[in-house]
Amino acid sequence: MDLSFYLRRFVRRLHWLVLFVLLGASLGLYFAITLPPVYGSSARLIVEAEQIPDDLAASTVRTSAGEQISIIEQRILTREVLLELANRMAIYTGEDAQLPASAKVADLRDRISIGLTGGGRNAMLVNVSFRDSDAQRVARVTNEIVTLILSENVRMRTTVSGQTLEFFTQEVDRLEQEISSLSARMLSFQEQNLDALPDSLDFRRSQQAGLQERLIQLGRDEQNLEDRRARLVELFENTGSVPVAEIGGAASAEMQQLAQLRRDYASARVVLAETNPRLELMQARIAALEKTVAEQQAAADRVGENAPEGAAPPSPFEIQLADIESQLADIQSRRQELEARMDDLADTIGRTPGNSITFDAMQRDYDNLQAQYNRAVSNQSRAETGDMIEALSKGQRISLVEPAIAPRNPMSPNRKVLAAGGVAGGLLLGMGLIAVIELLNSTVRRPSEITAKLGIEALATVPYIHTADQLRNHRKRRKLLVGAVMAGVLLLGGGLWLVDSQIMPLGEAVEMAIARARNALGAPQS
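Residue numbers restart at each chain and count upward from 1, following the sequence in its written direction. In keeping with the predicted nature of the model, local features appear solely for residues at pLDDT of at least 70, side-chain atom pairs appear and are counted solely at 80 or more, and the whole-chain, interface and lining totals rest on all residues. Side-chain calculation: all heavy atoms of the structure are included, whereas hydrogens and water are not.

(A) Fine view of the overall build of the chain. Helix and strand counts for the chain stand at 14 helices and four strands. Per-residue accessibility, obtained with a 1.4 Å probe over protein chains only, is compared with the maximum for each type, and a residue is labelled buried under 20%, exposed over 50%, and partly exposed between these values. Expressed as a percentage of the 526 residues in the chain, the buried residues total 27%. Contacts were defined at the residue level, with two residues in contact if any of their heavy atoms lie within 4.5 Å. In the chain, of all internal contacts separated by at least 6 residues, the share reaching a separation of at least 24 is 79%. Values of accessible area rely on a 1.4 Å probe in the Shrake-Rupley scheme; residue burial ignores everything except the protein chains shown. With an accessible surface of roughly 33,000 Å², the chain has 58% of that area assigned to carbon and sulfur atoms. The way it works is that DSSP assigns letters per residue, a run of H or I at least four long becomes a helix, a run of E at least two long becomes a strand, and they are numbered from the N terminus.

Below, the structure is given as structure tokens:
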């Protein structure tokens, strides 16, 4: 490495380095001076856990802190809220007020920052920040965003708890109506099928058995009466008369049977219950015999009363035959009555299984509705407690820890860094240009290059000797070059100032140029 050669070449091209350094320094200084200051202010919020333990009273809002902050952020960064905030806080004034609404919304979304950081198990921190060119306005806007967050948090939680309470209130009312409707249907069904319900099936079956026994007994009594009538007719046909004792004997037989049944009934009541079917059957037979004896006596009285004056009184045969016929007619009437009751009981017993299935289905529906109603009432009570907790701000809440204050110093731009960056950029560009020029120059400039290219060893080399005119011309070109560089720097600085002050701020111009370049290349914009 011939360092002296490269150093001479570098010195010879030093004017390019100076040109780019001056150009970079000018651009850096210009942007450092002309770019408007950007102030940033932040406020700190804390997300606190529930104030009341869950095992005592729980809130019905179950949104986690991260999800809650994310929802609030999305609601605050909506188009309507941001435009209303920009108008109320006068964020865009002067020429900025003519910006389209979409540009204002995009700009505000970029300048507003809401971040969540962990602050322990029971509390999390929320940092809210905003950037603006006015120090006082940045603090006011940040605090206004904090107010929006706090109010949105309260509104969101009370809305959720209120909707939960409203839902369970409507559910309780709906179930109450369904239970009332089903209760009315069950009552109507019971009234319409009162004689065919399953709870009285055993009683009706016992009644059916008692009626069957009574029918059997009536059949026996009828057969006895028919036998008596046949014997009475046969005796009268054979002898032409009947003993008077038959009348008394027949009456005394009915009375004796009645007395015996009364004694048996009195004995049975000592050991049997009043509702026992056997006692009911004995009561029915006693009543029938009492009625028979009364009818016999009435028939005998009527026969004597209806006899015409002067006519012979009825014979004993006629008296006994009329008594037997009266008893048979009474038995037939009671049999028809018992058979009708038997048919009714058979019909109700036959309808009982179907009614039982229908009523059981209705009862199951009623039990299910009652269980749902009980759960809904319990949930409604919990929802009322949760709504009260949110109304009193005893649930999870967001509170302000540190409000935003007006900053003293801007957060950007860093003017020293911009100036130093311009100088460093010019230096790098200048050195890069010198390196490229030297790499592209393929002329022979050293003896070692002659040996490398021609393959011969030079005995001696004579350097190029400049004449006096050449030296003067060289000095003139150098002066012209330095003057051109200075003029270029002045013209560039003046042109940038003119564009920034008369046409468009340089920041917007740079952003527009970047956007157009991205559109031309097909790259997505951020």
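(B) Focus on helix H4 (residues 79-89). When H4 is considered as a whole, its buried residues turn out to be Leu-82, Leu-85, Ala-86 and Met-89. Each buried residue of H4 sits inside an arc of 100 degrees when the element is viewed along its axis, so together they form one side. The exposed residues of H4 that point more than 90 degrees off its buried face are Glu-80 and Asn-87. The positive-phi residue at the C-terminal boundary of H4 is Ala-90, with phi of around 55 degrees. It is the directions from the helix axis to the C-beta atoms that the arc portrays.

(C) Examining the packing of helix H3 (residues 65-76) against helix H6 (residues 135-192) more closely. Note on method: axes are straight lines fitted to C-alpha atoms, helices fitted across the in-contact stretch only, with angles between N-to-C directions ranging 0 to 180 degrees. It is at 10 Å that the axes of H3 and H6 come closest, and there the two elements cross at 115 degrees. Relative to H6, H3 is oriented so that their crossing is right-handed. The segment H3 lies against H6, with Gln-68, Ile-71, Ile-72, Arg-75 and Ile-76 engaging Ile-145, Leu-148, Ile-149, Glu-152, Asn-153, Arg-155, Met-156 and Arg-157. Left-handed is the label given to a crossing in which the near helix is rotated counterclockwise from the far helix by less than a right angle, and right-handed is the label when the rotation is clockwise.

(D) Summary view of the packing of aromatic side chains. Stacked, tilted and edge-to-face pairs are distinguished by plane angle, under 30 degrees for stacked and over 60 for edge-to-face with tilted covering the rest, among Phe, Tyr and Trp rings (Trp via its six-membered ring) whose centres lie within 6.5 Å. Scanning the model with the defined rule gives two aromatic pairs in all. Taking 5.2 Å as the distance between ring centres and 75 degrees as the angle between the ring planes, the aromatic pair formed by Phe-167 and Phe-168 counts as edge-to-face. With a relative accessible area of 48%, Phe-167 lands in the partly exposed category. A ring pair is formed by Phe-189 and Phe-359, whose centres lie 6.4 Å apart and whose planes are at 20 degrees; its orientation type is stacked.

So far we have only geometry, and geometry alone does not tell us how the molecule works.
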